[in-house]
Every structure is written in structure tokens, then in C-alpha cells.
Amino acid sequence: MTNANRTVQFKIYRYDPDQDAKPYMQDISVELESTDRKLLDAMVKLKAQDDSISFRRSCREGVCGSDAMNINGKNGLACLTAMESFPEGKPIVLRPLPGLPVIRDLIVDMTQFFKQYNSIKPYLINNDPPPERERLQSPEDREELNGLYECILCACCTTSCPSFWWNPDKFVGPAGLLAAYRFIADTRDQATAERLDDLEDPYRLFRCHTIMNCVDVCPKGLNPTKAIGKIKEMMVRRAV
Amino acid sequence: MNRLVVGAHYGLKDWLAQRITGVIMAVYTLLMFAAVLGGAAASREAWQAFMGNGFIRFISFLFIVSLCYHAWVGVRDIWMDYMNSAAVRVTLHVLTLLALVGYAGWAVQIIWRL
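Parameters and conventions
- Think of each chain on its own: its residues are numbered from 1, step by step along the sequence as written.
- All chains are assigned letters beginning with A, and all ligands numbers beginning with 1, in the order in which they are written.
- Local features in this predicted model are restricted to residues whose pLDDT is 70 or higher, and side-chain atom pairs enter the listing and the counts only when it is 80 or higher, whereas totals over whole chains, interfaces and linings include all residues.
- Partly exposed residues are those falling between the two cut-offs: more than 12 but fewer than 20 other C-beta atoms within 10 Å of their own, whereas 20 or more means buried and 12 or fewer means exposed, with C-beta atoms placed from the backbone.
- The helix count covers DSSP runs of H or I at least four residues long, the strand count covers runs of E at least two residues long, and both are numbered beginning at the N terminus.
- The criterion for strand pairing is that DSSP finds at least two bridges linking the strands in question.
- Inter-axis angles, ranging from 0 to 180 degrees, are taken between N-to-C directions of lines fitted to C-alpha atoms, where helices are fitted over the stretch in contact.
- We call two residues in contact when their backbone-placed C-beta atoms lie within 7 Å.
- Domain start and end points were adopted from an automatic or database domain assignment.
- Classes in brief: Ala, Val, Leu, Ile, Met, Phe, Trp, Tyr, Cys and Pro nonpolar; Asp, Glu, Lys and Arg charged; the others, Gly included, polar.
- Reported orientations rely on four angle classes, namely roughly parallel under 35 degrees, roughly antiparallel over 145, roughly perpendicular from 65 to 115, and oblique for the rest.
- Should the near helix be turned anticlockwise from the far one by less than a right angle, the crossing is termed left-handed; should it be turned clockwise, right-handed.
- By convention the nonpolar core is taken to be a set of buried residues drawn from Ala, Val, Leu, Ile, Met, Phe, Trp, Tyr and Cys and joined through C-beta atoms within 7 Å.
- In this description, one arc is meant: the one made by directions from the helix axis to the C-beta atoms.
- An expected span of 1.5 Å times one less than the residue number is assigned to each helix.

A word on the pairing of strand β3 (residues 68–71) of chain A
Residues and elements named next belong to chain A.
Working step 1: Both faces of β3 are covered, namely the face carrying A68 and N70 and the face carrying M69 and I71.
Working step 2: Note: β3 against strand β4 (residues 74–77), four bridges, orientation antiparallel. By the bridge assignment for β4, I71 is matched with K74.
Working step 3: Between β3 and β4, which pair antiparallel in sequence order, lie two residues; one of them, N72, sits at a positive phi of approximately 50°.
Working step 4: As judged from the two bridges shared by β3 and strand β5 (residues 92–95), these two strands associate in the antiparallel manner. The residue of β5 that forms the bridge with I71 is L94.

Here we look at the pairing of β5(A)
Working step 1: Direction of pairing for strand β1 (residues 6–14) of chain A relative to β5(A): parallel, over a ladder of three bridges. Across the sheet, residue F10(A) finds its bridge partner in β5(A), namely I92(A).

Looking at the sheet that holds β4(A)
Residue and element names in this part refer to chain A.
Working step 1: One open sheet holds the five strands; their spatial order is β2-β1-β5-β3-β4, and the pairing between them is mixed. Taken across any chain shown, the strands that pair with only one partner, and hence form the sheet edges, are β2 (24–32) and β4. In this sheet, adjacent strand axes meet at a mean angle of 35° when their direction is disregarded.
Working step 2: Relative to β2, β1 is paired through nine bridges, and the arrangement is antiparallel. Bridge pairing in β2 links F10 to I28.
Working step 3: Strands in contact with helix α1 (residues 39–49) are β1, β2 and β3; relative to β2, the strand with the most contacts, it is inclined by about 105°.

A look at unusual backbone geometry
Residue and element names in this part refer to chain A.
Working step 1: Non-glycine residue K121 carries a positive phi angle of around 55°.
Working step 2: Using a count of 16 C-beta atoms within 10 Å as the deciding quantity, one classes K121 as partly exposed.
Working step 3: A positive phi angle, near 60°, is found at T210, a position not held by glycine.
Working step 4: Structurally, the position occupied by T210 is in the loop between α6 (192–199) and α7 (213–217).
Working step 5: Looking at T210, the number of C-beta atoms within 10 Å reads 10, which means it is exposed.

Details of the domain arrangement of chain A
Residues and elements named next belong to chain A.
Working step 1: Looking at the assigned domains, one finds that chain A contains domain 1 (6–108) and domain 2 (111–239).
Working step 2: Centre-to-centre, using C-alpha coordinates, domain 1 lies 29 Å away from domain 2.
Working step 3: With 14 residues of domain 1 in contact, the opposing surface of domain 2 contributes 14 residues.
Working step 4: For the side of domain 1 that touches domain 2, the element with the most residues is β4, which contributes four residues.
Working step 5: Residues that form the side of domain 1 that touches domain 2 fall into these classes: eight nonpolar, five polar and one charged.

Side note on the interface of chain A and chain B
Working step 1: If you look at the interface, chain A gives 17 residues, while chain B gives twelve residues.
Working step 2: Listed by contribution, the elements that provide at least two residues to the side of chain A that touches chain B are α6 and α8 (224–239) of chain A.
Working step 3: Tallying contributions element by element places α8(A) first for the side of chain A that touches chain B, with four residues.

Comments concerning the packing of helix α1 (residues 12–37) of chain B against helix α3 (residues 54–82) of chain B
Residue and element names in this part refer to chain B.
Working step 1: Where α1 contacts α3, the two axes come as close as 9 Å, and the packing angle between them is 140°. It follows that α1 is oblique to α3 by the angle criterion. Relative to α3, α1 is oriented so that their crossing is left-handed. Taking contact as the criterion, the partners of D14, A17, Q18, T21, G22, I24, M25 and Y28 in α1 are, on α3, I59, L62, F63, S66, L67, Y69, H70 and V73.
Working step 2: A class-by-class count of the residues in the contact of α1 with α3 yields ten nonpolar, five polar and one charged.

Quick look at the nonpolar core
Generally speaking, soluble globular proteins have nonpolar side chains that are buried together.
Residue and element names in this part refer to chain A.
Working step 1: M69, A155, L177, L178, A180, Y181 and I231 are the most contacted members of the largest nonpolar core, which totals 56 residues.
Working step 2: Of all the elements in the fold, those that place two or more residues in this core are β1, α1, β3, α2 (111–119), α5 (173–184), α7 and α8.
Working step 3: When residues are assigned to domains, this core turns out to be shared by domain 1 (6–108) and domain 2 (111–239), each giving three or more.
Working step 4: Each residue touching L178, except ones within four places of it in the same chain, is listed here: L148, C151, L222, P224 and A227.

Section: α2(A)
Residue and element names in this part refer to chain A.
Working step 1: Within α2 the residues assigned to the buried category are F113, Q116 and Y117. Looking straight down α2, one finds its buried side chains confined to an arc of 100°; they lie on one side. Exposed and oriented more than 90 degrees from the buried face of α2 are T111 and N118.
Working step 2: Turning to α2, the residues buried within the fold contact α5.
Working step 3: Looking one or two residues past α2, K121 carries a phi angle of roughly 55°, positive in sign.

Digging into α5(A)
Residues and elements named next belong to chain A.
Working step 1: The end-to-end C-alpha separation of α5 is 16 Å, in line with the 16 Å expected for twelve residues at 1.5 Å each.
Working step 2: Buried within α5 we find G173, P174, A175, G176, L177, L178, A179, A180, Y181, R182, F183 and I184.
Working step 3: In the core, the buried residues of α5 are packed alongside α2, α4 (162–166), α6, α7 and α8.

See below:
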């Protein structure tokens, strides 16, 4: 790739409910320097050019999960998406995460997403008196939490899931179910049976039809489908 | 009474049954393909003798039951996704069940007549 300054075309979803009757796509281009390596860098340049463009961003390194959006039709984090990955000469199409209400431009209302996340009780439940230092796990038991605890709750997976689009109020969604398995798998947690009971529901868990959109988009490379499979496997083991 | 209700505490059995019935149907389909390729449908008499065989009747019955159960779970899921009114949903569930039971009875009658 060349490092010279270049102009990049964007098509951005714009909607300001105070001014616009309905959303529209804005064509805008921006000149980038060789140091603008990620999509977020380009968007910061865009914002300097037209400060009415609204989007969330914070850590700019894939840890906070704020800048999740729909990039050329696929959910992802702007800060982790390399400008090099886009085909040259075609405008980059940015839309808000699908399936959630738009507050403004690329900012969506995440209430429903976090409601589902909270519904799985995303904290350790252990009624034993806390030990003086910490609750220990064997390295093997700790190993089980790898690929689960890394979730940053950016909502890329859940908002790419048609089951969540259809039943956002009832289906927990991939992010919530990944977190659910994170606590079901934790040997320090004592509420395993209650957690499984809570998820045994045609909507909460079994709306997942294993299409793996979640795995396809996860910017952290996690596998919610596998976690969901393990929850189902535990339910089978408990039932037979 | 518009409070959201979830937590029906079922789903595992249906999910598991859909997998098992799926496997049964896949195996049956492969067997049928193999039989047809092997000449089981070469003439009307050959086909009738093949389908009249006790074992084939047995697995055909299993196939029909599997198909109906599998379809029940799948079609019910579609009603649950697209029909928001509980009254409409219950009606459609009942109609689906009645249709599937009727089809199963009819298919069994055809097979056992052979």
C-alpha cells in the first residue's frame, strides 16, 4: 500500500431526529495522511471536517467497544478496521448497528442489549463466606474461562443476529449467552442450576439457530455459538 | 396485562428431538437413495415388494413420525417469531398439530396397506 496522502469516499447514514424527517445517506470524502491507519482515524478526520457527524468512540484500541458500527454491511469496530482492508475506489458505507433504535447518526440506543446482558446475572454468585485473600481455581478450571471473559460488550454479535432482531425483548442474544456461559463454566459460581433453569426457555436460549453470524463479526475473535452449544450440552447432561 | 413474560422452562427436549429426528430422516433418505439406485424401484412389483418389507415399513413409520415432530418444532418456531398475538398463535399451533397428526395417520394408512 502507498503511504502518500489520499482521498477516501464515504457514504454515511445520517439521522438527527430533531431536524430530519427520515434518515438519509450522506456522501462525503476526506483526505487522509499516511498515519491514518484505521477507520476510526479517518472518522476523526471526517468529524473535524463536518462536526455534526455523531459516533461513539473512546479507547481507540478495541478495548472499550464504543465504536461498533456496520461497516460495508458487516458489523465491526472502527478502531480495529484497517483502512488497507477496503477496496480502493469504492466508497466506505457506514451505518449504525442494525436492530437497535437510532439516537443520532451512528449512535444507537443500547438499552435492550444491556437489559438482556443484565438478565443473565453477569456476576459471580457464591454464598460461602469470602476467604481472606481470593477464591482459587485450578489452572485447568481457569482455562475454561478463556474465550469467554474477553468480551467487551460492543454488541457487534448481538446486532448481527436475526433472532435478536425478531425477539430483542425475549432472546438473550449471543453476547448475553456468552456471558451466561462464562458464569456457568466458572467453578467458583454456585448458581449453575439456577442459571441453567433461567435459560431453559424457547426464547431466551433456544431462539439461537446456530447460523453463526455472531462468530463471523466478533472483533475479539470470540465464539458465542460454541458457548451456546456448551450451555445446551450441559442441559442435556443434566437431563439424562 | 402487557408485562413481558419469558421463562417457560421448556425447549431442551424440542431442541434435542429436532436434532435426533433430523438424523433419522437423513439416514432414511440415504437408505432410500441407495435402494432406488440398487433397483428397488425398477418395476411397480419390485417397489411394492420393497415397501411391503417389514423392516422398510418399520423405518418408514419412524421417518414419518420424525418428519412430523421435526416439522412441529420448526413451524411452531415460525409462528412464535412472526405472530405476536397469543390468541392467533394458539390457534395456529392447534391447526398445525391437527394437520400434522392427520398427515401422519394418512401416511401410516398408506404404508400399512401395502
